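Working through the structure, step by step
In case you want the letters, here they are:
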2 protein chains.
Amino acid sequence: MADKKWVYLFNEVDQAEAYAGHNWDNVRGLLGGKGANLADMARLGVPVPPFFTITTEACNAFSASGKFPQGMWDQAMASLKKVEAAAGKAFGDPKNPLLVSCRSGAKFSMPGMMDTVLNIGLNDQTAPGMVKLTGNDRFVYDAYRRLIQMFGSVVLGIRDEAFEEVLNEFKKEKGARVDTELKANDLKELTEKFKVVVRQQKGFDFPQDVFEQLRLATEAVFNSWNGKRAVDYRRATNIPDDLGTAVNIVSMVFGNMGNDSGTGVAFTRDPQTGERKVFGEYLLNAQGEDVVAGIRNTEKIETLKNVLPEAYSQFMDICSKLENHYHDMQDVEFTIERGKLWMLQTRNGKRTALSQIKIAVDMANEGLTTREEAVSRVTTEQVDTLLHPQFDAKTKAAAKKEGRLYANGVNASPGAAVGQIYFDANTAERMAKESKQDVIMVRPFTKPDDVHGMLAAKGILTSEGGATSHAAVVARQFGVPCVVGASMVHIDMERRKMEVNGVVVKEGEWISVDGGTGEVYLGKLALTAASLEEQEELLTLLNWADEICAKPGIRKFPEGWPTRGLQVWANADYPKDARRARSYGAVGIGLCRTEHMFFEQERLPIVQRMILAESPKIRTEALNELLPYQRSDFQGLFEAMNGYPVIIRLIDPPLHEFLPSEDKLLEEVITMRVKGETEGLKAKEKLLASIEAMHESNPMMGLRGVRLSIVMPEIVEMQVRAIFEAAANVALAGGTPKPEVMIPLTGHVNELKWIQPRLERIAKQVLEEKGVQVLHYKFGTMIEIPRAAVTAGEIAGLAEFFSFGTNDLTQMTFGYSRDDAERNFLVKYVDDGILPKNPFQQLDRDGVGRLMKMAVEDGRKTRPSLEVGICGEHGGDPSSIEFCHIVGNNYVSCSPFRVPVARLAAAHAALNHAA
Amino acid sequence: MADKKWVYLFNEVDQAEAYAGHNWDNVRGLLGGKGANLADMARLGVPVPPFFTITTEACNAFSASGKFPQGMWDQAMASLKKVEAAAGKAFGDPKNPLLVSCRSGAKFSMPGMMDTVLNIGLNDQTAPGMVKLTGNDRFVYDAYRRLIQMFGSVVLGIRDEAFEEVLNEFKKEKGARVDTELKANDLKELTEKFKVVVRQQKGFDFPQDVFEQLRLATEAVFNSWNGKRAVDYRRATNIPDDLGTAVNIVSMVFGNMGNDSGTGVAFTRDPQTGERKVFGEYLLNAQGEDVVAGIRNTEKIETLKNVLPEAYSQFMDICSKLENHYHDMQDVEFTIERGKLWMLQTRNGKRTALSQIKIAVDMANEGLTTREEAVSRVTTEQVDTLLHPQFDAKTKAAAKKEGRLYANGVNASPGAAVGQIYFDANTAERMAKESKQDVIMVRPFTKPDDVHGMLAAKGILTSEGGATSHAAVVARQFGVPCVVGASMVHIDMERRKMEVNGVVVKEGEWISVDGGTGEVYLGKLALTAASLEEQEELLTLLNWADEICAKPGIRKFPEGWPTRGLQVWANADYPKDARRARSYGAVGIGLCRTEHMFFEQERLPIVQRMILAESPKIRTEALNELLPYQRSDFQGLFEAMNGYPVIIRLIDPPLHEFLPSEDKLLEEVITMRVKGETEGLKAKEKLLASIEAMHESNPMMGLRGVRLSIVMPEIVEMQVRAIFEAAANVALAGGTPKPEVMIPLTGHVNELKWIQPRLERIAKQVLEEKGVQVLHYKFGTMIEIPRAAVTAGEIAGLAEFFSFGTNDLTQMTFGYSRDDAERNFLVKYVDDGILPKNPFQQLDRDGVGRLMKMAVEDGRKTRPSLEVGICGEHGGDPSSIEFCHIVGNNYVSCSPFRVPVARLAAAHAALNHAA
């Protein structure tokens, strides 16, 4: 049997494609990204230096056995002959020597993680030959001494310092400040000194056999795949270990052969802005590394036109050709050797989010790509980046260098914020509103009655809590940058200061918070701003995303299930949030939390009076006072979302959340007792007793949601009346309100059987009272208790819609307290790989997801038209959105600020899972 | 088409059986229990008065339409003719009148809930005829006036008082103290007066047409099925409403026709003790109601031998015949009319638990029934009754009358207890141990550090918590009668008293607690004691139950699953509990909670030192001190359970449970600060800070179980070492220890992947150190987190056994905090029928059960030999045990005191679901 084909010549890309099943991704897997693209360019007729590629399969075989696989080296030598023929030079020939580079090239770019050796083929015979050929001895000995250093370090494992010490000594001796001040003879002398280094360090001579040079360099590149740097990088970037690297043996071309030579790098469009013009720089009479090193000032690519017009024109044609071929902006490297242009690399160029979106939209408009491709090419992170103010990387790197990185926490709500710190909501609000300061609110944790302060703040920092803590959820909801659970921060509320390792920040001092990374900096960092409305291309892209999702038949499901992709709705409590959600493209409100309305300053005392009522009469009076507030809130929502569904969740939290803190009151009472103060003690004791009676050991699993509605139905009866009075008013004014009443925390179908008919009666009664004939409305429930998911078939008998409350569902399914888990063990779990992701941030498909799938299937067995959504924090997370697409949700609902991201993620899901 | 057969004659039971599909239960459904058994006796040749039965189907038709169904009355009249022929009398014939009773008789006995009319057929013509025939005018007019009163009240709806007033007036007039002092003429006169009552009350005369009497009486009996009394009774006893009642028209026989007549009731065995001898009483010359009324002293049945030897001998034969026929103790009624014996009723007799068990075992030994029948005939409640001291019903009724019922709570641990109340564990223990008092420990709720007091107490009462609160679980575990969540009890710890509606009980005063009903009484109630060892028949019965479960093939499951029935294991923490469990028949320990050992007085300070350790060294030292304690505990367990598996759960609760209470410490610190006391303040503040740092918002979902083991592996490493050192010691001494190490609170397979191999290495290492070659051991996990159930397939990749922790699994699946739910809403939920049962007491099959079923199936797909058990509180609940049988558990594990009940329940499950 013939040996396997381990080596592909520059003109054998068709064979590689055939072997790889005509799948370009597989070709990249076989030849590596660099090798595949070089071969592809060769096929396109783009001038590339002759080369051949040893496959990743050979690398893997080498890794497994420790030696080259059978036949590989013979194939390499045969290919080398072809390369010699193409280049018109011969490897190791003193008269006309071919030099080659030996370059790593894996499927995915791992910049700087693996090894490369240049100038292979120089030795004591070929070097003089080169000198004769080029007449440039300085160039030749510079290349030779670089080969010895590179080979010594990469292949022989000699510490770089061994060469650097000799070089520095030598420069001192010659009075040269930089390498370029060394003369040709100096470099020749240095070459000899470097040979001595090799001999001293390794006990043998630098190999004069050019084939041995090549063989050892190839082995070294293979080995570098399993080097520590490369392995660490793969861990961090989730690149699998079994891909291996290819090795590219490429004829050397030189840009430093005079002023008709040069080298450069370019992007085919502007990587910052996406503008459609080639963007690059070059240097005449220079090598690639000179461009990178920045020793000489580079020229803008446009000026090449004047210097080497032919090469320039050819280069511009090639850029255009490559874009047309790859349908994406390319990042290219080129060298001009004595007037002849050589392309050394092409790949999809890295770019800013802004640029990516513009390029994607432009290319679709230019007909280079489809709209689907444009949509799939932009990542959700890129969209997210454009929607929040940022600290740019340079600013942060500089701040770190200055030791200003102060603390790390959970990255709870993206965006950057700079402000003066305040430790309580009232002060924060006062400083923001009255003193017009930029405020960062700092708390151990937040509670519902802190919301006004959080809304007034530019950013939030807490020392406790996790990604779904109150602070995190509210912050994301309102787009406030937020870091939570920064446990190294010790907050001293009494002395109004915080402290990390002895570094104290006092109230009123400045910090900078990066909610996207969880970092906290001392002082003020510069902000880069962003806004959606002005970003024409982004709006276009998101409209295309919506078009993709709207396509009927994109999902294949049983009768009654949705056939289009996901809709994106938003979680919004107030009309102004609803308006923002609409402007961001939300086509429904998936969650309006009615209790947030209870916390407003003028309402809270009424709510407390209602809760502490000692007679039904007092309670009813308080509820009657609340009704107009709620009605007017709902009316505003229906107006803002005219024609779109608005899901209103009935009261959910336990009542004690509306009362003063037990601990604080206890402290006050004890203090008064010990001091013998009696003024007002009785009242405080009574209040304390009421609060203590409501104390729960595990409030998350306590008297809340539908349980509360069953124990005390008056509150939800008032709420339903308010909802339908509001809807009726809007309808009578000519609007189209679509209220959907959501009952939270259902765990047993009998809970719905108890409460839902009662509430439906009120709805009917109100509509009758108001004389409204037609109104689209629904009653449904959250699915957030595991038992609800398990018995969804029964529950769908009553509920017309399900909305997955995946915050609580995750909490109960894992048994992880949302308030404590991150701080106590969850961060460790994720760090140690016990959990792949924080399940409060990214939906756990195997556990929580399996329950959701069961619930959707069982629910739709009972009621095929069941409307299914998600309103937990996962509704804004791309992976979770994809899962919702797969299991058959009608929509996802997320914070208004996440709506653009979710629209894109929904389209990605539709494209990746098209039926 | 012929009319449906609505009426069955006494000798038509074969026809009824054919119609009912030869299913006796259906015959009872058709003819009612009384009618079916009368007909059955007739078929057996037992003398019963001629009769016919109108079916329950006729009753239902009547209920639906308000009138007798087509053909029914004609059939009744035809049957009446046959009865006349058999009795040799004619209905309404003045010369030889037949009298009949019209008796209700439903499928299930509903004593006193429906109506009966006697002596139908008497009127102004037949009464004199009867007098002539019997020569006994007193008897005849007594019967007549009784007919009018009964008919008036039952059929015509006249208030009984209307007759009673006339009667009392009349007796006064005649100078008679009791009815029996009225003479024949008086009764005749009274009959006329009763006729006047009817006329006055209804405006028409008492019907002289005997057929009208019969028809109206039949209608009345039918109507009584839907009377309020009957409906309420059915609600309370879960008898369906659609069964209907049959009507039995039975020839009257009279025991009051002289000294050769009589009447009596008897049980075929002793209903108190089960002794095998007929047990009954009778009266000569009397009617059935005289025996019940207790006006005259009844005679023991044995004495009938001397008075009416022939009838006696026939009666004894019949008793034996009936037992042989029904294979159960019968409760019979008989009448002797002029020397001739008539049987009027037979049914399975009610009896005490003690008697039931003895009879079941005796009958199987006598060959009357199989052992399986004996086992299925005894209920788990009956076994339970025999295992706990009790207050008998009379005692409680009397106490209630005296107003001594003090409070009601959740019936957390069965059994009765009488003692003096103490409000803290230390005092309770001291009073019990030093002062040898019977103590009831009273607390708002209990914590682990109260256990010594709870163990010393005779009973426990808490004002907070539910059926699986700490107090309840510990109480059941140790068989201490316990009432929890008696929320009306206000406990004043400071003044050492409790109060309900102003009634104060002070420390040291007596109360009585019924843990089986949740009642609390003031003062001392008399106790009825019980013990297992002395109950030979119970032991026999339980052995038979075990035999049933041990039968291979009784369950049909896929390969690798258990084919025998359930085993019963016990939850036991200490060697003495293990010995008790063995003596109760447990064949394994399903749960040993290692942390209970940490709470013992001499160990707790070491545990606290370990937890608060500021350096690894201090922690290691503390753990080294704990090791010998744990090893010796485990060694004792392995010795007690020699040859049987012992599942040891590694540390589960959050560490703060081992530290002093935060609230109390906070109060102390605040008080000291306000008072300006500094002595010891620093230390207290430091401790408080440590405890506050461990504070969790929802500790049930916090840092416990395997999470704690991953964050702080040193503790479980010590525990595993202790387990295997102990096992090795026992093995080297010739024993057969079978340790199974259980990891609690697993939610993700990666948790096991992290911890289990670490612990297995320690196990192997210890066995190697000790030189033990062979030891049977396993590593496995609790399934108590919903996600563990959902991903059981993955988890079984590592776990060799699953044990369902259904307390937590129920808690998380429902999202009900075990500590709060009962108090806050769960009791209301059960009362209002929102939940059929408290899911912490009886496993919720639809929700939690569905998760369990998934887990068993998925787990055994991965590992067919997976050992599956349950160790939650449900392990002792019969319905839950049945479910465990169905889903394929290997065993259930419960408190030692519940083991006998569980053994019986397991056998019942095996019999009811035999493959």
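Above: the structure in question.
Residues numbered from 1 in each chain as written. Chains lettered and ligands numbered in written order. Predicted model: local features only at pLDDT ≥ 70, side-chain atom pairs only at ≥ 80, totals over all residues. Heavy atoms only, no water.

Check the secondary structure of chain A and you find 36 helices and 31 strands. Taken along the three principal axes of its C-alpha coordinates, chain A extends 110 × 70 × 55 Å. Taken across its 915 residues, chain A has 57% of its residues classed as buried. Within chain A, counting contacts between residues at least 6 apart in sequence, those at least 24 apart form 68% of the total. As displayed, chain A has an accessible area near 36100 Å², and 49% of this comes from carbon and sulfur atoms. Averaged over its 108 positive side-chain charges, chain A has a centre that lies 1 Å from the centre of its 122 negative ones. (Helix = DSSP H or I, 4+ residues; strand = E, 2+ residues; numbered from the N terminus. Buried < 20%, exposed > 50% of the residue type's maximum accessible area, 1.4 Å probe, protein only. Contact = heavy atoms within 4.5 Å. Areas by Shrake-Rupley, 256 points an atom, 1.4 Å probe, with all protein chains shown as cover. Lys, Arg positive; Asp, Glu negative; His and termini not counted. Charge placed at Lys NZ, Arg CZ, Asp CG, Glu CD.)

A separate point is the packing of aromatic side chains. Residues and elements named next belong to chain A. Summed over all chains, the structure comprises 46 aromatic pairs over all chains. Ring geometry for Phe10 against Phe51: centres 6.2 Å apart, planes inclined by 45 degrees, an arrangement best described as tilted. Taken together, the positions of Phe10 in the loop between strand S1 (7–9) and helix H1 (13–19) and Phe51 in strand S2 (residues 51–54) put the pair 41 residues apart, joining distant regions of the chain. Neither residue differs from the other here; Phe10 and Phe51 are each classed as buried. Aromatic side chains Phe62 and Phe68 sit 5.6 Å apart centroid to centroid with 40 degrees between the ring planes, which places their arrangement in the tilted category. Through a chain of ring-to-ring contacts, three or more aromatic side chains come together here, namely Phe62, Phe68, Trp73 and Phe222. Geometry around Tyr8 places Lys5 over its ring, the cationic atom sitting 4.7 Å from the centre. (Phe/Tyr/Trp six-rings, centres within 6.5 Å; stacked < 30°, edge-to-face > 60°. Lys NZ or Arg CZ within 6 Å of the ring centre and 35° of its normal.)

Screw-axis analysis of chain A against chain B gives a translation of 0.0 Å along the axis, an RMSD of 0.5 Å, and a rotation angle of 179 degrees. Taken together, the rotation and translation relating the two chain copies correspond to the operation of a two-fold axis. Relative to the rotation axis, the C-alpha of Asn698 of chain A is the closest in chain A, positioned 1.9 Å from it. The share of interface residues of chain A whose copies in chain B are also at the interface is 100%, consistent with both copies meeting through the same surface. (Least-squares fit on C-alpha atoms with pLDDT ≥ 70 in both.)

So, about helix H34 (residues 845–862) of chain A. When the terminal C-alpha atoms of H34 of chain A are compared, their 24 Å separation across 18 residues agrees well with the 26 Å that a helix rising 1.5 Å per residue should span. Three or more residues of H34 of chain A are buried, namely Gly847, Val848, Gly849, Leu851, Met852, Met854, Ala855, Val856, Asp858, Gly859 and Arg860 of chain A. (Expected span 1.5 Å × (residues − 1).)

Let us now look at the pairing of strand S22 (residues 510–514) of chain B. All names here are of chain B. Across the five residues that make up S22, a large majority, four, are buried. Where strand S15 (residues 416–422) meets S22, five bridges bridge the pair, whose relative direction is antiparallel. Its bridge partner lying in S22, Ala416 is registered against Asp514. In the sheet, S22 pairs with strand S23 (residues 519–522) via four bridges, with the strands oriented antiparallel. Counterpart to Val513 in the pairing with S23 is Val520. Hairpin connection, S22 to S23: the antiparallel pair is bridged by four residues, and Gly518 has positive phi, about 85 degrees. (Pairing = 2+ DSSP bridges.)

Residue and element names in this part refer to chain A. It is at 12 Å that the axes of helix H2 (residues 24–44) and helix H13 (residues 309–326) come closest, and there the two elements cross at 110 degrees. Our classification of the angle between H2 and H13 gives roughly perpendicular. By crossing handedness, the relation of H2 to H13 is classed as right-handed. Where H2 abuts H13, its residues Asn37, Asp40, Met41 and Leu44 lie against Lys321, Leu322, His325 and Tyr326. For the contact of H2 with H13, a count of residues per class yields four nonpolar, two polar and two charged. (Axes fitted to C-alpha atoms, helices over the stretch in contact; angles between N-to-C directions. Parallel < 35°, antiparallel > 145°, perpendicular 65-115°, else oblique. Left-handed = near helix turned anticlockwise from the far one by under 90°. Nonpolar A, V, L, I, M, F, W, Y, C, P; charged D, E, K, R; others polar.)

Looking now at the environment of Gly92 of chain B. All names here are of chain B. Considering the arrangement of structural elements, one finds Gly92 in the loop between strand S3 (90–91) and strand S4 (97–98). Residue Gly92 is classed as partly exposed on the basis of its relative accessible area of 26%. When the C-alpha atoms of Gly92 and Ala398 are compared, they prove to be 49 Å apart, with 306 residues separating the residues in sequence. The residues touching Gly92, leaving out its near neighbours within four places in the chain, are Leu98, Thr126 and Val210.

This brings us to the pattern of salt bridges. Counted by the stated rule, this structure contains 123 salt bridges over all chains. Arg215 of chain A is paired through a salt bridge with Glu219 of chain A; the nearest N and O atoms lie 3.3 Å apart. Residue Arg215 of chain A and its partner Glu219 of chain A are both found in helix H9 (residues 210–224); the two are separated by four residues, about one turn of the helix. Residue Lys551 of chain B is joined to Glu372 of chain B by a salt bridge in which the shortest nitrogen-to-oxygen separation is 3.1 Å. (Salt bridge = Lys/Arg side-chain N within 4 Å of Asp/Glu carboxyl O.)

Glancing now at the sheet that holds strand S19 (residues 490–492) of chain B. Residues and elements named next belong to chain B. One open sheet accounts for three strands, arranged S19-S20-S21; its pairing is antiparallel. Two strands lie at the open edges of the sheet, namely S19 and strand S21 (503–506), each paired on one side alone. Along the sheet, successive strands turn relative to each other by an average axial angle of 20 degrees, direction set aside.

Listed as interface residues are 56 residues of chain A and, on the opposing side, 56 residues of chain B. Summed over both partners, the interface of chain A with chain B comes to about 4800 Å²; 58% of that surface belongs to carbon and sulfur atoms. Contact with chain B buries area across many residues of chain A, yet Met701, Arg787 and Ile834 of chain A alone supply 13% of it, more than any other trio. Summed over the shared surface of chain A and chain B, the number is four salt bridges. A salt bridge links Asp844 of chain B to Arg787 of chain A; the nearest nitrogen and oxygen atoms lie 2.7 Å apart. Seen at the junction of chain A and chain B, the total is 32 residue pairs in polar contact (both at pLDDT 80 or more). A per-class count over the side of chain A that touches chain B returns 25 nonpolar, 15 polar and 16 charged. (Buried area = accessible area lost by both parts, 1.4 Å probe. Polar contact = N/O pair within 3.5 Å; in protein donor to acceptor, adjacent residues only side chain to side chain.)

What follows concerns the nonpolar core. Phe634 and Phe724 of chain A together with Phe634 and Phe724 of chain B are the most contacted members of the largest nonpolar core, which totals 286 residues. With 12 residues, helix H28 (residues 714–732) of chain B is the largest single contributor of residues to this core. Here Phe724 of chain A is in contact with Pro739, Val741, Ala763, Val766, Leu767, Leu775, Tyr777 and Phe779 of chain A, once residues within four sequence places are set aside. Residues Leu99, Phe139, Val197 and Ala217 of chain A belong to the second largest nonpolar core, which totals 95 residues. (Core = buried A, V, L, I, M, F, W, Y, C linked by side-chain atoms within 4.5 Å.)

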